[in-house]
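Commentary on secondary and tertiary structure
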Amino acid sequence: NVDTAHAVLVADAMSDDGLSPLLNKENFEVVRAKPSERDDLNRFSALLVRSSTQVDAALLAQMPNLKIVARAGVGTDNIDLDAATKHGVIIINAPDGNTISTAEHTFAMMMSLCRNIPQAYSSVKAHEWNRKAFQGTELRGKTLGIVGFGRIGSELAKRAAAFQMPVVVYDPFLTAERAKKVGVTLLSFEELLEAADVITVHTPLTKETKNLFNEENLNKTKPGVFILNCARGGIIDEQALQTAIENGHVAGAALDVFEHEPATNYSLIDLPQVIVTPHIAASTVEAQESVATQVAEEVISVLEGAPAAHS
Ligand code: MLT
């Protein structure tokens with residue numbers, strides 16, 4: 001019965017297997033399209049996104065029947081939460097489906113950064129053989145500073161322990177007791193900046209974390225520090241990072257996320273000490289299936305009248 005069908009708009013790329021609870025559900029119609037491609041936005045009651053679609057006040061105004069926006073991932077910074085609340089729209093996310101993938105990608109980036117793997121790869125692929133140009137740094141004994149000790153930060157610490165890296169953590173929500181229990185040292189932000197050889201951020205982008213790594217804070221880090229961001233663009237001020245690399249204070253950076261995506265900040269990207277990936281930390285078969293299933297199941301239950309679990 002078309003009258004009772006719930007129309008669901010899937011605006012960003014999402015796993016078919018993961019969405020199968022929705023795709024196979026009677027009375028649910030699933031449309032995959034960008035909002036700009038549709039002139040019938042008013043009939044959708046659910047909108048599923050990753051990070052590409054900006055769910056802003058203008059889009060919400062075109063969707064008067066919308067009940068729920070589901071983020072197949074963790075960060076909801078591409079969704080205007082105030083506007084959604086004003087329209088009475090529920091926001092949900094998939095808080096733990098991509099934790100392991102993101103921690104693993106961060107680790108891969110850290111190893112690549114410290115051993116110049118992308119640079120060495122490009123050199124050999126360009127038919128060079130230069131064994132002197134790519135001397136790296138061992139991870140063993142280097143202090144890893146994790147800013148934000150939620151799900152991803154905690155998983156990273158477990159992996160760092162296997163590499164014999166002491167871990168220091170800054171997280172205003174972490175107690176010293178819990179830090180001790182999991183074998184990490186809780187520090188203030190300033191102390192972490194001074195102590196860490198490698199710093200990685202795992203916080204959401206908020207008013208407090210926007211440009212957390214600005215010129216002033218980057219200057220407080222150890223000379224020769226490596227910096228990683230596989231969390232959200234905007235936590236590290238890209239101009240300040242570029243300057244700190246150019247003046248030799250920061251030895252290198254690994255970035256999966258950027259202030260503006262698709263990223264075009266080539267004065268930073270093109271620096272040889274900067275290694276980059278296009279926001280793919282969560283892009284694994286496992287994570288994509290898991291986040292899509294989590295949001296698909298929750299969209300069904302919310303549209304069928306149950307309260308949201310991850311709002
Ligand atoms: C997230 O917030 O979970 C990530 O950005 C995932 C993604 O959309 O790739």
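The shown structure was predicted, so the numbers you read here are calculated from the model rather than taken from an experiment.

Bringing the packing of helix H1 (residues 16-23) against helix H12 (residues 285-303) into the picture now. At a minimum axis separation of 7 Å, H1 and H12 run at an interaxial angle of 15 degrees. By the angle class used here, H1 and H12 are roughly parallel. Relative to H12, the crossing made by H1 is right-handed. For the pair H1 and H12, the contacting residues are Asp17, Gly18, Leu19, Pro21 and Leu22 in the first and Gln288, Glu289, Ser290, Val291, Ala292, Thr293, Ala296, Glu297, Val299 and Ile300 in the second.

The next subject is the site of the ligand. Residues in contact with the ligand, as listed here, are Arg50, Ser51, Gly73, Val74, Gly75, Asn98, His279 and Ala282. Grouping the constituent residues of the shell around the ligand by class yields 2 nonpolar, 5 polar and 1 charged.

The subject of this paragraph is the environment of asparagine 42. With respect to the element layout, asparagine 42 can be found in the loop between strand E2 (28-32) and strand E3 (46-49). In this structure asparagine 42 comes out as exposed when scored by C-beta crowding, with 12 C-beta atoms within 10 Å. Residues asparagine 42 and alanine 61, spaced 19 residues apart in sequence, show a C-alpha to C-alpha distance of 9.0 Å. Look past the residues within four positions of asparagine 42 in its chain and what remains in contact with it is Gln62, Met63, Pro64 and Asn65.

Let's shift gears to the pairing of strand E11 (residues 250-255). Looking down a regular strand, the side chains alternate between one sheet face and the other. With 5 of 6 residues buried, E11 is to be regarded as a mostly interior element. By the bridge criterion, 5 bridges tie strand E10 (residues 225-229) to E11 in an arrangement that is parallel. In the strand pairing of E11, isoleucine 227 is matched with alanine 253. On the question of chirality, the crossover connecting E10 to the parallel E11 by way of helix H10 (residues 238-246) is right-handed. Two strands pair when backbone bridges link them, and E11 and strand E12 (residues 274-276) are joined in this way by 3 bridges, in the parallel orientation. Paired with alanine 254 across the two strands is isoleucine 275, which belongs to E12.

Glancing now at the confidence of the model for the chain. Per-residue confidence for the chain averages 96 on the pLDDT scale, and 98% of its residues sit at or above 70. We note a pTM of 0.93 for the whole complex and an ipTM of 0.92 for its interfaces.

Here the focus is the sheet that holds strand E1 (residues 6-10). In spatial order, the strands read E2-E1-E3-E4-E5; together these 5 strands make up an open sheet with parallel pairing. One side of each edge strand has no neighbouring strand; the edge strands of this open sheet are E2 and strand E5 (90-93). Across this sheet, the average inter-strand angle for adjacent strands is 20 degrees, counted without regard to direction. Pairing analysis gives 4 bridges linking E3 to strand E4 (residues 68-71), with the strands arranged parallel. Bridge pairing links alanine 46 to isoleucine 68 in E4. H1 contacts E1 and E2 of the sheet and is inclined by roughly 145 degrees relative to E2.

Analysis parameters
Residues numbered from 1 in each chain as written. Predicted model: local features only at pLDDT ≥ 70, side-chain atom pairs only at ≥ 80, totals over all residues. Axes fitted to C-alpha atoms, helices over the stretch in contact; angles between N-to-C directions. Helix = DSSP H or I, 4+ residues; strand = E, 2+ residues; numbered from the N terminus. Parallel < 35°, antiparallel > 145°, perpendicular 65-115°, else oblique. Left-handed = near helix turned anticlockwise from the far one by under 90°. Contact = placed C-beta atoms within 7 Å. Near = placed C-beta within 6 Å. Nonpolar A, V, L, I, M, F, W, Y, C, P; charged D, E, K, R; others polar. Buried ≥ 20, exposed ≤ 12 C-beta atoms within 10 Å, placed from the backbone. Pairing = 2+ DSSP bridges. Right-handed = clockwise from strand over helix to strand, strands pointing away. pLDDT = per-residue confidence, 0-100.

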